[in-house]
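Structural description and commentary
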Amino acid sequence: MKNGKRLTVSNHKYLQSMNLKSENWLISKRTSNFWTIIHRETGRVRQIPAP
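These remarks concern the structure in this document. (Residues numbered from 1 in each chain as written. Predicted model: local features only at pLDDT ≥ 70, side-chain atom pairs only at ≥ 80, totals over all residues. Heavy atoms only, no water.)

A short note on the overall build of the protein chain
Condition: By the criteria applied, helices consist of DSSP H or I runs no shorter than four residues and strands consist of E runs no shorter than two, each listed in order from the N terminus. We take the radius of gyration over the C-alpha atoms and set the globule estimate at 2.2 Å times the residue count to the 0.38 power.
Helices and strands together make up the secondary structure of the protein chain, namely one helix and three strands. Reading the protein chain from its N terminus to its C terminus gives the helix and strand order α-β-β-β. The C-alpha atoms of the protein chain give a radius of gyration of 10 Å, which matches the 10 Å a tight globule of 51 residues would have. Principal-axis analysis of the C-alpha atoms gives the protein chain an extent of 25 × 20 × 15 Å.

With respect to the packing of aromatic side chains
Basically, it comes down to this: Any two of the Phe, Tyr and Trp rings considered here, Trp counted by its six-membered ring, make a pair once their centres fall within 6.5 Å; the pair's planes then place it as stacked at under 30 degrees, edge-to-face at over 60, or tilted in between. For every residue, the accessible area obtained with a 1.4 Å probe (protein chains only) is divided by the maximum for its type, and the residue is called buried under 20%, exposed over 50%, and partly exposed between those limits. Charge-over-ring placement is defined geometrically: NZ (Lys) or CZ (Arg) within 6 Å of the ring centre, and within 35 degrees of the ring normal.
Going through the model one piece at a time under the given rule, you end up with one aromatic pair. Seen in terms of ring centroids, Tyr 14 and Trp 35 are 5.2 Å apart; in terms of plane orientation they differ by 70°. Their pairing is edge-to-face. In this pair, Tyr 14 is assigned in helix α1 (residues 9-17) and Trp 35 in strand β2 (residues 34-39), connecting sequence segments 21 residues apart. Overall, Trp 35 belongs to the buried group, its relative accessible area being 6%. Sitting over the face of the ring of Trp 35, Arg 30 holds its NZ or CZ atom 5.9 Å from the ring centroid.

Next up, the structure:
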């Protein structure tokens, strides 16, 4: 799996609108349909719809 990357300001705002704590997540993959995000501490992987 790819290493997660830090979020930009607009990414932080989008994750907060999805009711996620943005400081706990890293972006692994971004496509036009979905984002794959990884939790910093647990390593849990989630896919969320792209904005």
